[in-house]
Amino acid sequence: MGFGDLKAKAGQQALNAYLADKSYIEGYQASQADAVVFAGLTGAPSKDLVNALRWYNQINSYNNQERTSFPGTKKDINSYGSAAPAASNGDADEDDFDLFGSDDEEEVEKEKQKRLQQYAEKKAKKPALIAKSSIVLDVKPWDDETDMVAMEKLVRTVETDGLLWGKGKLVPVGYGIKKLQIGCVVEDDKVGTDFLEEAITAFEDYVQSVDIAAFNKI
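Under the annotation held in an unreviewed UniProt entry, the protein carries the name EEF1B and is attributed to Mytilus edulis. Recorded in UniProt under Sequence similarities (unreviewed entry), the annotation for the protein is "Belongs to the EF-1-beta/EF-1-delta family."

Asker: Account for the side chain of Ser31, naming residues and giving values.
Answerer: Here Ser31 shows up in the loop between helix 1 (9-18) and helix 2 (32-39). When its relative accessible area of 10% is taken as the criterion, Ser31 is described as buried. Discounting chain neighbours no more than four positions away, the residues touching Ser31 are Glu26, Phe70 and Pro71.

Asker: Can you break down the packing of helix 1 against helix 3 (residues 50-60) residue by residue, with the values?
Answerer: When two helices pack together, their arrangement is given by the angle between the helix axes and the distance between those axes. Where helix 1 contacts helix 3, the two axes come as close as 7 Å, and the packing angle between them is 85 degrees. Judged by the inter-axis angle, helix 1 sits roughly perpendicular to helix 3. Residues Gln12, Leu15 and Asn16 of helix 1 touch helix 3, and the partners they reach there are Val50, Asn51, Ala52 and Trp55. Looking at side-chain class alone, the contact of helix 1 with helix 3 contains four nonpolar, three polar and no charged residues.

Asker: Can you tell me about the pattern of salt bridges, naming the residues and giving the values?
Answerer: Across all of its chains, the model carries 13 salt bridges by this definition. Note that Asp138 and Lys179 form a salt bridge whose closest N and O atoms lie 2.9 Å from each other. Placement of Asp138 in strand 1 (residues 132-141) and of Lys179 in strand 3 (residues 177-187) is noted, with a sequence separation of 41 residues between them. The exposure classification of Asp138 matches that of Lys179, with both residues buried. A salt bridge links Arg156 to Glu152; the nearest nitrogen and oxygen atoms lie 3.0 Å apart.

Asker: How would you summarise the pairing of strand 2 (residues 163-174) if you had to cite specific residues and measurements?
Answerer: The pairing of strand 2 with strand 3 spans nine bridges and is classified as antiparallel. Bridge assignment links Leu170 to a residue of strand 3, and that residue is Leu180.

Asker: Describe the packing of aromatic side chains, listing the residues and the values that go with them.
Answerer: Aromatic ring pairs: the centre-centre distance and the angle between the two ring planes describe each pair. Inspection of every chain in the model, using the stated rule, returns four aromatic pairs. Taking 6.5 Å as the distance between ring centres and 65 degrees as the angle between the ring planes, the aromatic pair formed by Phe38 and Trp55 counts as edge-to-face. Note that Phe38 is positioned in helix 2 and Trp55 in helix 3, a separation of 17 residues in sequence. Judged by relative accessible area, which is 10%, Phe38 ranks as buried. Since its relative accessible area comes to 0%, Trp55 is described here as buried. Judged by centre distance (5.0 Å) and plane angle (25 degrees), the ring pair of Phe38 and Tyr56 falls under stacked. Separated by 18 residues along the polypeptide, Phe38 in helix 2 and Tyr56 in helix 3 bring together distant segments of the chain. Joined through ring pairs, the aromatic side chains of Phe38, Trp55 and Tyr56 make up one cluster. Over the ring of Tyr18 we find Lys22, and its NZ or CZ is 4.4 Å from the ring centre.

Rules used throughout
Residues numbered from 1 in each chain as written. Predicted model: local features only at pLDDT ≥ 70, side-chain atom pairs only at ≥ 80, totals over all residues. Heavy atoms only, no water. UniProt positions renumbered as here; feature names shortened; annotations may be inferred. Helix = DSSP H or I, 4+ residues; strand = E, 2+ residues; numbered from the N terminus. Buried < 20%, exposed > 50% of the residue type's maximum accessible area, 1.4 Å probe, protein only. Contact = heavy atoms within 4.5 Å. Axes fitted to C-alpha atoms, helices over the stretch in contact; angles between N-to-C directions. Parallel < 35°, antiparallel > 145°, perpendicular 65-115°, else oblique. Nonpolar A, V, L, I, M, F, W, Y, C, P; charged D, E, K, R; others polar. Salt bridge = Lys/Arg side-chain N within 4 Å of Asp/Glu carboxyl O. Pairing = 2+ DSSP bridges. Phe/Tyr/Trp six-rings, centres within 6.5 Å; stacked < 30°, edge-to-face > 60°. Lys NZ or Arg CZ within 6 Å of the ring centre and 35° of its normal.

In structure tokens:
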């Protein structure tokens, strides 16, 4: 039932597979389903579980009070997930077709295919909701001799689908050293904070560390 033990690797792998084509546990926005599953974890999934880690970082960006105010109703954690005992739509559909009272299996099958096609067309017309986040990064140099203009140019060379860089500024941190504070907007399904941190720290001649200064859902 559900994802199993989320404290174990197998449970986290099940969660990762479930989130391969989803931004949230249910629907198109954070809900109590996400809060319940999040509470079942003891910490962030490992980096190889990219889908689960992306989702974890999204939900972790909210504080406890915000998570308790997510919409929806809390259910048992085992009711969520691909293996959860959800209502069997297939069985319900079969019962609906039985109401026709027809012995003609061919007509019943035609009606079933018609309904499936109508459902697919209706679903295709729904606009896809793109979850985005606004992130502010603190990029720290090694010392006061680091060329900060060159460092910002290098940071902006990090390009990928779903990433849009915003304004950057230099902020004093002490002893004549300044850090680069730069904003960006990302599509949550395409770009995660781990990707940004790894890509920027790759400029090791300039960058000492990268921290998340702010993370807000749009």
